[in-house]
Each structure stands twice: as structure tokens, then as C-alpha cells.
Amino acid sequence: MTDDAGREDEPTPRPGRKRSEEARRAILAAAIELTAEAGYARLTIDGIAARSGAGKQTIYRWWPSKDDVLLEALAAKADLHVPVTDEGSFRADLRAFLLASFAMGRQPQIIDVLRVLMARAQIDEAFGERFRAAFLQRRRDALAVILDRAVDRGDLPPGAAPGTITDLVFGIFWYRMLATREPYDERLADELVSVLAGSAPPSR
């Protein structure tokens, strides 16, 4: 459409969408901050609303519970801080992914929340489905980017299917978190890389 001078009208801005995304990010950030400050048990929707500046009804319209707010917040945090960039080889890609994942796994407030969410997922079928889709599968999909790249480059070692490698990576992550509570450190990352990607090539 043009005006009398023949100029095209500029599209009408749609600030509602921007405001909604800003509110969503503020709510997710508030949930993480409050959990770090006061712990999961003291986290409430009222507190999230007060910290984020969003209304309670807005939060309940987007998430059915505080657990679902935390679920999305942690998934978004993992997406942001765990890289799937091309480091040049499967070994390097996997090591970067593990080191970043383990760095998150050393943050007590994150681990404590993941334990609570995993526990609820075992007794609440509906939440369990959301947990698997919004967090577990999302992390598997991130690692799949690295595995698919390794297949395309031809440097994925033979002997284990990508799905099995994924199970091993996340299996040890959750086993240490829920059972032994042994630490996630650089040595563990290097051991996993050696097992899953083979020995490092000799230096020249």
C-alpha cells in the first residue's frame, strides 16, 4: 500500500510479541536467581512474579507449575552454555561438550533442581513426559549435532552407535548426580573422550 506521494507504508510494529519474549526471559531469569538465593523449597510463583515484574496469571498461562518454569530455564541455560560448535574433530567437539556440561553440573543450585525435577518425573507421569521432551531430549538433540557432524566427517570411531554413545554420556552424568554424587571434572571428561572417541593421535 502507498500514500499520496507514492511511498510504501511501513509495516505496523507488533510490540506485543517483543514484550512477551522479554517477559518470558525475565521470568526464567527470576526463577534461576531465586533458586540460587533461597533454594528450591522456598521458590514460589509469587516470588517469581515479584522478581520478574510479570503477573501470576501470565506465568500460569505459560507454565503449569514452578517446576515447569525451572525446567525451561535450565534447558535454555544449557542451550546457551554448552557448545555444539565445530572444533575440528569428534574428539575436540565431544570434549568441549563434556567440559561445558560438567561445569554446569558443578553448580549446586542447578544440580539440586535437576535432582528434584528428575524425582518428580518418576512419580508424575504428565510432568515426566514434559521433562523428557523439554530437557532430556533437548540435550540428546544437542549431542546429536556433534555425532552427526562426526559421521559426516568420517571420524566417528566404529563399534558404537550414536544412540549408545549418547546413553553413555548422559548415563554417567545422571548416575553421578543421583547415585554416587562423585564429581564432574576434567579428568572424567578426558576419560570419556578416550573411551568414546579413541586414543588421541600421537603428536608430531
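About the cut-offs
- Residues numbered from 1 in each chain as written.
- Predicted model: local features only at pLDDT ≥ 70, side-chain atom pairs only at ≥ 80, totals over all residues.
- Heavy atoms only, no water.
- Helix = DSSP H or I, 4+ residues; strand = E, 2+ residues; numbered from the N terminus.
- Expected span 1.5 Å × (residues − 1).
- Buried < 20%, exposed > 50% of the residue type's maximum accessible area, 1.4 Å probe, protein only.
- Contact = heavy atoms within 4.5 Å.
- Phe/Tyr/Trp six-rings, centres within 6.5 Å; stacked < 30°, edge-to-face > 60°.
- Lys NZ or Arg CZ within 6 Å of the ring centre and 35° of its normal.
- Salt bridge = Lys/Arg side-chain N within 4 Å of Asp/Glu carboxyl O.
- Core = buried A, V, L, I, M, F, W, Y, C linked by side-chain atoms within 4.5 Å.
- pLDDT = per-residue confidence, 0-100.
- Lys, Arg positive; Asp, Glu negative; His and termini not counted.
- Polar contact = N/O pair within 3.5 Å; in protein donor to acceptor, adjacent residues only side chain to side chain.

S.K.: An account of helix H4 (residues 66–81) is needed here, citing residue identities and associated values.
M.R.: For H4, spanning 16 residues, the distance from its first C-alpha to its last is 22 Å, which sits close to the expected 22 Å at 1.5 Å a residue. Those residues of H4 lying buried are Lys66, Asp67, Asp68, Val69, Leu70, Leu71, Ala73, Leu74, Ala75 and Ala78.

S.K.: Tell me about helix H9 (residues 186–197), and please be specific about residues and values.
M.R.: The end-to-end C-alpha distance of H9, which contains 12 residues, comes to 16 Å, matching closely the 16 Å that a straight helix rising 1.5 Å per residue would cover. Where H9 is buried, its residues touch helix H5 (90–105) and helix H8 (162–180). Of the residues flanking the end of H9, it is glycine 198, one or two places downstream, whose phi is positive at about 85 degrees.

S.K.: Tell me about the packing of aromatic side chains, and name the residues and values.
M.R.: In total, this model carries 9 aromatic pairs according to the counting rule given. With 6.1 Å between their ring centres and 75 degrees between their planes, phenylalanine 131 and tryptophan 174 make a pair best called edge-to-face. Taken together, the positions of phenylalanine 131 in helix H7 (residues 125–153) and tryptophan 174 in helix H8 put the pair 43 residues apart, joining distant regions of the chain. The class for phenylalanine 131 is buried, based on a relative accessible area of 1%. Three or more aromatic residues link up through ring pairs in this structure, and these residues are Phe102, Phe127, Phe131, Phe135, Phe173, Trp174 and Tyr184. Here the guanidinium or amino end of lysine 66 rests over the ring plane of tyrosine 40, the centre of that ring lying 4.1 Å away. For the cation-ring pair, arginine 120 lies above phenylalanine 127, with the distance from its terminal atom to the ring centre recorded as 4.4 Å.

S.K.: How would you explain the pattern of salt bridges if you had to name every residue and give the values?
M.R.: Tallying each qualifying case throughout the model produces 21 salt bridges. As a salt-bridge pair, glutamate 21 and arginine 25 come within 3.5 Å of each other at their nearest N and O atoms. Of this pair, glutamate 21 and arginine 25 both sit in helix H1 (residues 15–38), separated by 4 residues, roughly a single helical turn. The class of arginine 25 is partly exposed, set by a relative accessible area of 46%. Across the pair aspartate 124 and arginine 120 runs a salt bridge whose closest N-O atoms are separated by 3.0 Å. Note on arginine 120: relative accessible area 22%, which makes it partly exposed. Residues joined by salt bridges that share partners form a network here, namely Asp86, Asp93, Arg149, Arg153 and Asp155.

S.K.: Hey, could you go over the nonpolar core for me, with residue numbers and the actual values?
M.R.: With 56 residues, the main nonpolar core has Ile48, Phe131 and Trp174 as its most contacted residues. Going through the elements one at a time, H1, helix H2 (45–52), H4, H5, helix H6 (108–123), H7, H8 and H9 are the ones with two or more residues in this core. What isoleucine 48 contacts, discounting residues up to four positions off in sequence, is Ile27, Ala30, Ala31, Leu34, Leu43, Ile59 and Val69.

S.K.: So what's going on with the confidence of the model for the protein chain? Residues and values would help.
M.R.: In the predicted model, the protein chain carries a mean pLDDT of 89, and 88% of its residues have values of at least 70. Within the model, the stretch residues 1–16 combines pLDDT values under 50 with 7 contacts to residues more than four positions away or in other chains.

S.K.: Can you explain unusual backbone geometry? Please cite residues and give values.
M.R.: Although it is not a glycine, arginine 181 adopts a positive phi angle of roughly 60 degrees. As for its position among the elements, arginine 181 is in the loop between H8 and H9.

S.K.: Requested: an account of the side chain of lysine 66, with residues and values cited.
M.R.: Relative to the assigned elements, lysine 66 resides in helix H4. For the buried lysine 66, which has no salt bridge, the nearest side chain bearing the opposite charge is aspartate 67, at an N-O separation of 5.5 Å. Here leucine 43 takes part through its backbone oxygen, which lies 2.8 Å from a polar atom of the side chain of lysine 66.

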